[in-house]
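Reading the structure
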Amino acid sequence: MSERPTIFEFERDFAGSLRCIPMIARQKLDIVGIKMTLRQWSRVSREERGLLVDRPCDTNAEQEAYRALVLELIATRADEPVRFLATQELDDWREPDRMPEAVLLQAQQDGVQPPTPAQWAALAPLKRFALIKLARSKHENENFVPALEEFGILQGEG
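Quick caveat, the model's predicted, so the values are computed rather than measured.

Re the overall build of the protein chain
Scanning the protein chain from terminus to terminus reveals nine helices and two strands. Start at the N end of the protein chain and walk to the C end: the helices and strands fall as α-α-β-α-α-α-β-α-α-α-α. The globule rule puts the C-alpha radius of gyration for 158 residues at 15 Å, and the 16 Å found for the protein chain is close to it. Taken over 158 residues, the protein chain has a buried fraction of 44%. Long-range contacts, defined as pairs at least 24 residues apart, comprise 63% of the intrachain contacts of the protein chain with a sequence gap of at least 6. Taken as a whole, the protein chain presents about 8,600 Å² of accessible surface, with 50% of it coming from carbon and sulfur. The averaged location of the 26 negative side-chain charges in the protein chain is 5 Å from the averaged location of its 21 positive side-chain charges.

The following block contains the structure:
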């Protein structure tokens, strides 16, 4: 089991190398309330980036440890202050029964069907997180449709 967990195909070319922050790490950073810039990420060693991808962040203790690790890495590797996120600001991905409007709007903008309520509810939390991030992103939404396809939402569209 040497392959990294949950690097999606749509992000493999830019995040698979850990050059960019993969969704799994972005989700964990959101959970602990830290906005890590790409510049900060690039100053952290490849091995440390792997830790940020692989380290669990589910329980309160794991979240505290993850947060402490991120704060230490930013403090020792980056020459920038830590930026904190508004608490639980982007927690929509935790809501299987409520799809954010941003996902609907992005699907409409891309001319594809949005996930049905049943499809949204059936998605793993990380997949909901990815779709929300891609829908809200100003520069990454070209990956929104590939993500929908990868997650089995779109069959033969596009």
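Some words on the layout of surface pockets
Of the voids in this model, the second largest pocket is the one considered here, and its volume is about 220 Å³. Elements with a minimum of two residues in the lining of the second largest pocket: helix 2 (23–32), helix 4 (46–54) and helix 8 (125–136). Here the lining of the second largest pocket takes four residues from helix 2, the largest share from any one element. In terms of residue class, the lining of the second largest pocket is made up of nine nonpolar, three polar and five charged.

A few points about the packing of aromatic side chains
For the structure shown, the criterion picks out four aromatic pairs. Plain terms: the ring middles of F8 and F10 are 5.5 Å apart, the flat faces sit at 15° to each other, and that makes the pair stacked. Judged by its relative accessible area of 8%, F10 is buried. Measuring from centroid to centroid gives 6.1 Å for F10 and F151, while their planes differ by 70°, and the two rings are edge-to-face. Here F10 is found in helix 1 (residues 9–15), whereas its partner F151 is found in the segment after helix 9 (144–150), with 141 residues between them in sequence. The residues F10 and F151 share a single accessibility class, namely buried. Here a set of aromatic residues connected by ring pairs shows up, and it is made of F8, F10 and F151.

So, how was this worked out
- Once a new chain begins, its residue numbering starts again from 1 and follows that chain's sequence as written.
- In keeping with the model being predicted, local features are shown solely for residues with a pLDDT of at least 70 and side-chain atom pairs are shown and tallied solely at 80 or more, while totals for entire chains, interfaces and linings include all residues.
- The basis for every side-chain value is the complete set of heavy atoms in the structure, and neither hydrogens nor water enter the calculation.
- Segments assigned H or I by DSSP are reported as helices when at least four residues long, segments assigned E as strands when at least two residues long, and all are numbered from the N terminus.
- As defined in this context, the radius of gyration uses C-alpha atoms, and a globule is described by 2.2 Å times the residue total to the power 0.38.
- Using a 1.4 Å probe on the protein chains alone, a residue whose accessible area is under 20% of its type maximum counts as buried, one over 50% counts as exposed, and one in between counts as partly exposed.
- Whether two residues are in contact is decided by their heavy atoms, any of which lying within 4.5 Å being enough.
- Only the protein chains shown count as cover for residues, with accessible areas throughout obtained via the Shrake-Rupley method and a probe of 1.4 Å.
- Asp and Glu are treated as the negative residues and Lys and Arg as the positive ones, with His and the ends of the chain left uncounted.
- Where a charge lies is defined by one atom per residue type, namely NZ (Lys), CZ (Arg), CG (Asp) and CD (Glu).
- Cavities and pockets are found on a 1 Å grid laid over the protein atoms alone: a cavity is a set of points where a 1.4 Å probe fits but cannot escape, a pocket is an open set with protein on both sides within 12 Å along at least five of seven lines, and a lining residue has an atom within 4 Å of such a point.
- Grid points are joined across faces, edges and corners, and a volume is the space filled by probe spheres set on the points.
- Gly falls in the polar group here, along with every residue not listed as nonpolar (Ala, Val, Leu, Ile, Met, Phe, Trp, Tyr, Cys, Pro) or charged (Asp, Glu, Lys, Arg).
- Each pair of aromatic rings taken from Phe, Tyr and Trp, with Trp reduced to its six-membered ring, is defined by centres within 6.5 Å and is described as stacked if the planes are under 30 degrees apart, edge-to-face if over 60, and tilted in the remaining cases.

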